[in-house]
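Single-letter residue listing:
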Amino acid sequence: MMIKTQLCSAAIAAVLAISMVGGAGANEAGCVTSYDASKDYFPDKVEVKHSAGFSITYSGNTKHIRNDVSGETYVLYQCGTPAPADVATKAGSLQVGNWTKVASVPPKKIALDSAPASAIIEMLGVQSTVAASYKFFAVTSPCMQKQLAELPRVAQSFARKRGLARRVSYDVADAGAEWTFTTYGMSDPQSFALNPDGARDMLGKAEWIKFAAAFFNKEAEANKIFADIESRYTAARDKLTSRAKKTVGFARYNKMANGTVVSWTIDEPQAWVVQGMADAGLSAHSGATTAFNNIDAFYAATADWDVLIDGSIEPLSHGGATIPLWQNLRDGYKFGDGAKKLPYVAANAIYRSDLISSPQNATDYNEHLQIQVDTLLEDFAKLASDSGATDTTWYRNLPHQVQVDWRSPNDCKN
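Residues numbered from 1 in each chain as written. Predicted model: local features only at pLDDT ≥ 70, side-chain atom pairs only at ≥ 80, totals over all residues. Heavy atoms only, no water.

Participant: With reference to specific residues and values, describe the sheet that holds strand S7 (residues 153-154).
Facilitator: Pairing within the open sheet is parallel, and its five strands lie in the order S7-S6-S5-S10-S11. Only two strands of the sheet have a single neighbouring strand rather than two, namely S7 and strand S11 (191-193). Summarising the sheet, strand S5 (residues 110-112) and strand S6 (residues 130-134) pair through three bridges and their orientation is parallel. Looking at S6, one finds that Ile110 is bridged to Val130. The sheet strands contacting helix H2 (residues 115-124) are S5, S6 and strand S10 (179-182), and the helix crosses S5 at an angle near 125 degrees. (Pairing = 2+ DSSP bridges. Helix = DSSP H or I, 4+ residues; strand = E, 2+ residues; numbered from the N terminus. Contact = heavy atoms within 4.5 Å. Axes fitted to C-alpha atoms, helices over the stretch in contact; angles between N-to-C directions.)

Participant: I'd like a rundown of helix H3 (residues 142-149), residues and numbers included.
Facilitator: Regarding H3, the residues found buried are Pro142, Met144, Gln145 and Leu148. For H3, the angular spread of the buried residues around the axis is 165 degrees, confining them to a single face. Buried positions along H3 lie against S5, H2, S6 and S7. (Buried < 20%, exposed > 50% of the residue type's maximum accessible area, 1.4 Å probe, protein only. Arc of directions from axis to C-beta.)

Participant: An account of the environment of Lys146 is requested, with residue identities and associated values reported.
Facilitator: Mapped onto the elements of the fold, Lys146 is located in helix H3. Residues Lys146 and Pro409, 263 residues apart in the sequence, show an inter-C-alpha distance of 4.8 Å.

Participant: Explain the nonpolar core residue by residue, including any values.
Facilitator: Counting 84 residues, the largest nonpolar core has Phe181 and Phe215 as the members making the most contacts within it. Broken down by element, the residue count for this core peaks at seven residues, all from helix H11 (residues 373-385). Judged by nonpolar contacts, the second largest core, of 21 residues, contains Tyr253, Ile295, Phe298 and Leu308. (Core = buried A, V, L, I, M, F, W, Y, C linked by side-chain atoms within 4.5 Å.)

Structure (C-alpha cells):
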C-alpha cells in the first residue's frame, strides 16, 4: 500500500504548503507582555459558512466558541492579557452539560484524545505543542504515532453520581499539559471537544479546522487550508455528471465472542454522509436504525442496495475486537447461494472504511477523513461510477480482498 502512504503524505504536505502562502498570520504566536484594552488581539478571524455545528465570535482579547455538538461554550483569551472573570463553570460542579470553559491561547503544551484534532494539528503544523495523550488513544498517522510513543500517557479521573461512574477530568497536570482536545463534553474545565462528525454537511466537517485553529491563533492558516479544500470539493462536485443514482446502505452483523451471529442491523447514515453521497451521485439508504433476527428479513430489506458499507466488529475470544476480513463478512452475513441475487453481492460492492488503519485498531476514518472531504468526495464518486471500485483512498473492497494499509511509526518520512 505504498501508493496510499505516499498519497496521504502528499496531501498533508500540500495543505502545509498552502498554510505558508503569504507568510504567518497577524495573530500573536505567543503571550503578549502588555495589555491594551482598546486593541483587537485577533485581527485574523474565521467565519463559519456551512452547517459545521459550532459558532465563533471575537471581542478584544477574547474568542467565544459555542460547540453545539457537545453543548459547551469555550471562552479563549490572548495569553498575557486579563482572563475573563466569573464566566467559567466551577471545577467540581455537578452540572451535567452546558459547561463554560476558559483557556488562554495559544497554548504551550496540550494533551490529545481526539483523532480529528490530531490530523488538524498536523495540518496546522503545531505538533510541537502536543505533550501527552490519553493512555488508550491511538492514531494512524505514522509521524504522530512516533511522537506520541515518546510522550507521557495520561489517565482519566472518574466520580460517581447516583451510583453511575462519569468522566471528570484528564490528569494533564502529570504531563505538564494545559488542557486536552477530546471528542465529547465532560465535567473537566481543562478539556475541549472537537466534533467534525457532528456536522450536517461535508464542508461543515472541514470547517472544524477553523475551530481547532482558534485555539492556536492559526486562523489565517486555517482559512487558507479550508479555502483550498472547499475549492477542490466544489470543482469535483460540479464536474460529476448526472447518472442513475445507486443506493448505498450501511449495515453490520452482531457477533458474540463465541462466534455466534445473533442479529443484523441496518444503520441510519449521518446527515453529512447523505449530503456528500448525493453530491457524488449516490443515494444513501434512509430510515431509522433497524435490527433483524432473521437473515432473510435482512436480505429483503437490503434487496435494492447497490453498495453495502459494513460497520461490523469481529470480537476476539479473549476480549476486545479486530478488523473483519472478507471471510468474516461471508460468515457474518451468510453470503451463500441465496445471497447472490442481491445487487451489492453480485457487483462485489461491499466496503469498509478501514482501509488505512493502525495495529492499535485506529482508522483514518476518524482522523484525516473527517477533514479532507474533497478526497472523501472522490471516494464516493468512485463508488457511484464503479460499484466494485478498488482504487479508493479510505474504503476497502472486501470481495476483492483489498488488504488493510497498516500504518506504523516506521512509515514516518518527516
